[in-house]
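# Commentary on secondary and tertiary structure
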Amino acid sequence: MIRAAVLGSPISHSLSPLLHRRAYQLLGVQGEYSAIEVTPELAPGFFQRAIDEDWTGFSLTMPLKEAIFHYEFDPAFVVDPVALQMRSANTLVRKEDTFWATSTDRSALLRLFENVEKKRVAIIGGGGTARAALSALDGHADSVDFLLRTQSRSELLSSIGRSTTLQFFGMDHPLLEYDLVVSTVPSGVTDLIATNLSHRIPTLCEVLYRPFPTALLSRAQSLGSHIIDGMDLLVEQALDQIALFSGTKFDFAQMRIELQAEGRKHL
């Protein structure tokens, strides 16, 4: 039986339980999936107890995607090399007496960006999801420009984007001549950008689904942009988590349709 949960703080807004439970129902597997409030301060104790309990795995949302790389306890997590390079993981799967940490954000974004023009890209923010986006785009985009509130993360970002030209700007940098813009920052941060946006961005990826739509998404949509929204990302990364937690092979295309329908009822 699957026993899984999404962890983070705040967590009450999460639609992950709806999606995972619906998927288990469709797959005909027994499973439970809950949402648990876990702050970075409480996380080490939580994971230490979880190792000795019958948890299958966890989905991680902010701020735990990055925070787990600062925890030290025995036995330590086994970390996927790509997640380690990004210093971001959103998925833990039981591996004997510990958990394997990986990023289904990255694999989801690889699929979501597959048929999108992406020679020139701008990413707003430098946190865990921004780094997953950069990892997915590295080698596929000619250039990636970051709009950052502080420049403190530029060194880490440079270590991820090794096959793509990177530049770093402030949040007031104009979004001109980009094929793809990816917004990964919290609600409200891009409101001024939305107000000043006066031209069509070919594709906007907005990772938030609460609130929905953001001011930036609404403005880009009104200007004719192709939209990849937060529900698209939530569903896409959940497909990989469901496969990992259940150990079951299934048709992603059909499951995607079912989970999109379920999730969008609650936006």
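A short tour of the structure in this document, coming up. (Residues numbered from 1 in each chain as written. Predicted model: local features only at pLDDT ≥ 70, side-chain atom pairs only at ≥ 80, totals over all residues. Heavy atoms only, no water.)

### Considering the overall build of the chain
Counting secondary structure elements, the chain contains eleven helices and twelve strands. For a compact globule of 267 residues, the expected C-alpha radius of gyration is about 18 Å, and the chain comes in at 18 Å, within 12% of that figure. Overall, the C-alpha framework of the chain stretches about 55 × 40 × 30 Å when taken along its three principal axes. The buried share among the 267 residues of the chain stands at 53%. When contacts within the chain are restricted to residue pairs at least 6 apart in sequence, long-range pairs at least 24 apart make up 62% of them. (Helix = DSSP H or I, 4+ residues; strand = E, 2+ residues; numbered from the N terminus. Rg over C-alpha atoms; globule rule 2.2 N^0.38 Å. Buried < 20%, exposed > 50% of the residue type's maximum accessible area, 1.4 Å probe, protein only. Contact = heavy atoms within 4.5 Å.)

### Here we look at the sheet that holds strand β8 (residues 143-147)
The strand order β9-β8-β7-β10-β11-β12 describes an open sheet built from six strands, whose pairing is parallel. On the outer flanks of this sheet lie β9 (165-169) and β12 (226-228), each paired with one strand and no other. Adjacent strand axes in the sheet meet at a mean angle of 20 degrees, parallel and antiparallel pairs treated alike. Helix-sheet contacts for helix α9 (residues 215-222) involve β7 (120-124), β10 (180-183), β11 (203-206) and β12, and the interaxial angle to β11 is about 160 degrees. (Pairing = 2+ DSSP bridges. Axes fitted to C-alpha atoms, helices over the stretch in contact; angles between N-to-C directions.)

### Examining the environment of T129
Along the chain, T129 falls in helix α6 (residues 128-137). Residues T129 and T61, 68 residues apart in the sequence, show an inter-C-alpha distance of 9.6 Å. Not counting residues within four places of it along the chain, the set of residues in contact with T129 comprises K65, D105, L109, T184, V207 and L233. A polar atom in the side chain of T129 sits 3.0 Å from the side chain of K65. (Polar contact = N/O pair within 3.5 Å; in protein donor to acceptor, adjacent residues only side chain to side chain.)

### Brief notes about the sheet that holds strand β4 (residues 78-79)
In any sheet, the strands associate via hydrogen bonds between backbone groups, in a parallel or an antiparallel arrangement. Across the sheet, which stays open at both edges, the six strands sit in the order β2-β1-β3-β5-β6-β4 with mixed pairing between neighbours. Looking at strand neighbours, the two that pair on one side only are β2 (31-37) and β4, the edges of this open sheet. In terms of strand pairing, β4 meets strand β6 (residues 98-102) through two bridges, oriented parallel. Residue V78 lies in a different strand from β6, and its bridge partner there is W100. In the packing of helix α2 (residues 43-51) onto the sheet, contacts are made with β1 (2-8), β2, β3 (57-60), β5 (91-95) and β6, and the angle to β3 comes to roughly 155 degrees. This element, helix α10 (residues 230-246), spans β1, β2, β3, β5 and β6 of the sheet and lies at about 10 degrees to β5.

### Remarks on the packing of helix α1 (residues 16-27) against α10
Packing of α1 against α10 brings their axes to within 10 Å, and their N-to-C directions diverge by 50 degrees. Classified by the angle between their axes, α1 and α10 sit oblique to one another. Seen from above, α1 lies across α10 with right-handed handedness. Between α1 and α10, the contacting residues are S16, L19, H20, A23, Y24 and L27 on the first element and L234, V235, A238, Q241, I242, F245 and S246 on the second. Its residues assigned to classes, the contact of α1 with α10 comprises nine nonpolar, four polar and no charged. (Parallel < 35°, antiparallel > 145°, perpendicular 65-115°, else oblique. Left-handed = near helix turned anticlockwise from the far one by under 90°. Nonpolar A, V, L, I, M, F, W, Y, C, P; charged D, E, K, R; others polar.)

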